[in-house]
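What the coordinates show
For reference, the chains in residue letters:
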Amino acid sequence: MSNLIKKIMVYVDGTEQSVTAAQYAICLACSTDAEMFAHYVINTKAVEDLLKAKIFLQDEQVDYEHDMEADAERYLNYIDDLARQKGLPIAKKRSKGTIHQEIVNAVKEENIDLLVLGELSRIRSRRDEFYDEAERALRTAPCSVLIVKDEDRVWNIYDSLV
Amino acid sequence: MALIDLINKNIVKIPLVSTNKPAVLRELVQILKDADEIEDIDGVLNTVQEREYKQSTGLQDGIAVPHAKTVAVTSLKLALGIAPQGIDFDCLDGEPAKLFFLLVAPPDMSGPHVQALAEIAKLAQSKAFCRALAKADNAQEVVDLMKGE
């Protein structure tokens, strides 16, 4: 059973859902002796699109990318801290580009067995413009994917983990 | 968080009653206040206006996307206003704006903020959809259009 999952990667984007996912991934990694990775993608593709659409100015592109770099640092450190509290070392990764592509690339590079994602949007629009990058990663990832739900339950599980 | 998660009747106003740019910015922020999404109207409005002073967020085809980072909010906030009569918003094409997407976020949510703006940018490329939105009669119709129903 302990060899079933060797490498777990959680996608972190600063949302509460991704923090819940990370907590669950930590619990899972501890119980399966799996290696754990936390990955944040700096969405430079979206920033470039906004610049082309003239919604962003040049200095906004620089400003928001800088903010996303800072967010990446902050949220990865936070997940790292959550893991350390349970005695679990994790590998922090970040990359730039299109979110779902970078997630898939990271899964392939690290040979991940299980991708862990936060709960997806409960509202499903039929409009193509409303695409969820995490959902795209779910559909295109070459490994099994776990969607974590029930924040309260996960918190209790994490809290009780020794 | 996806843009669709932010859309509900309470953050949509049809028709907007303002007739000029400063007033419509205030009216859009007021939508958020009336929907209990924000407390500090002036705090939010100031940052939106600051961004607007740098360059108008009025695009083409009647769409405007005022946006800002502000500590006056703790999560991503969207207001959608429709002015069928059109309002002079210094748009890139010189035409009046009819669809207004106001999006504000705290500084530490840059990822979701960028993602939501990118979704709006994609929506704005669909002229047929924007025309349908501009002709909507009420907030529920707007929500239904956004959900593709």
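You'll find the structure just up there.
Read on for an overview of the structure. Because the structure is a prediction, the values reported are computed rather than measured.

Thresholds applied
- Residues numbered from 1 in each chain as written.
- Chains lettered and ligands numbered in written order.
- Predicted model: local features only at pLDDT ≥ 70, side-chain atom pairs only at ≥ 80, totals over all residues.
- Helix = DSSP H or I, 4+ residues; strand = E, 2+ residues; numbered from the N terminus.
- Buried ≥ 20, exposed ≤ 12 C-beta atoms within 10 Å, placed from the backbone.
- Contact = placed C-beta atoms within 7 Å.
- Pairing = 2+ DSSP bridges.
- Right-handed = clockwise from strand over helix to strand, strands pointing away.
- Core = buried A, V, L, I, M, F, W, Y, C linked by C-beta atoms within 7 Å.
- Expected span 1.5 Å × (residues − 1).
- Nonpolar A, V, L, I, M, F, W, Y, C, P; charged D, E, K, R; others polar.
- Axes fitted to C-alpha atoms, helices over the stretch in contact; angles between N-to-C directions.

Scanning chain A from N- to C-terminus turns up six helices and five strands. In chain A, the succession of helices and strands from N to C terminus is β-α-β-α-α-β-α-β-α-β-α. Expressed along its principal axes, the backbone C-alpha trace of chain A runs to roughly 50 × 35 × 30 Å. Relative to its 162 residues, chain A shows a buried fraction of 40%. Restricting the contact set of chain A to residue pairs at least 6 apart, pairs at least 24 apart contribute 79%.

For a regular strand, the rule is simple: side chains alternate between the two faces of the sheet. Residue and element names in this part refer to chain A. Burial of strand β1 (residues 7-12) is extensive: five of the six residues sit out of reach of the surface. One ladder, built from six bridges, connects β1 with strand β2 (residues 35-42); its direction is parallel. Bridging across to β2, Val10 finds its partner in Ala38. For the handedness criterion, the β-α-β arrangement of β1, helix α1 (residues 16-32) and β2 is classed as right-handed. Here β1 runs beside strand β4 (residues 114-118); their pairing, made up of three bridges, is parallel. Looking at the pairing, Ile8 lines up with Leu114 of β4.

This part covers the nonpolar core. Looking at soluble globular proteins, one finds that nonpolar side chains tend to be buried together. With 103 residues, the main nonpolar core has Val116 of chain A together with Leu78 of chain B as its most contacted residues. Non-local contacts of Leu78 of chain B, meaning those with residues more than four positions away in its chain, are made with Leu3, Leu6, Ile7, Ile11, Phe101, Leu102 and Leu103 of chain B.

Residue and element names in this part refer to chain A. Considering the arrangement of structural elements, one finds Ser160 in helix α6 (residues 151-160). Given 8 C-beta atoms within a 10 Å radius, Ser160 is considered exposed. Placed 47 residues apart in sequence, Ser160 and Asp113 show a C-alpha to C-alpha distance of 25 Å.

Quick look at helix α3 (residues 110-124) of chain B now. In this model, α3 of chain B (15 residues) spans 21 Å end to end at C-alpha, consistent with the 21 Å of a helix rising 1.5 Å per residue. Burial runs high along α3 of chain B: 14 of the 15 residues are buried.

The next subject is the interface of chain B and chain A. Each partner contributes to the interface: chain B provides 29 residues, whereas chain A provides 26 residues. When its residues are assigned to classes, the side of chain B that touches chain A shows 16 nonpolar, seven polar and six charged.

All names here are of chain A. An order of β3-β2-β1-β4-β5 is seen for the five strands of this open sheet, with the pairing classed as parallel. A single partner strand is all that each edge strand has here, and the edge strands are β3 (90-96) and β5 (144-148). Across the sheet, the mean angle separating the axes of adjacent strands is 25° when strand polarity is ignored. Here five bridges tie β4 to β5, and the two strands are oriented parallel to one another. Note that in β5 the partner of Leu117 across the bridge is Ile147. Across the sheet, helix α3 (residues 58-84) lies against β1, β2 and β3, angled at about 165° from β2, the strand it touches most.

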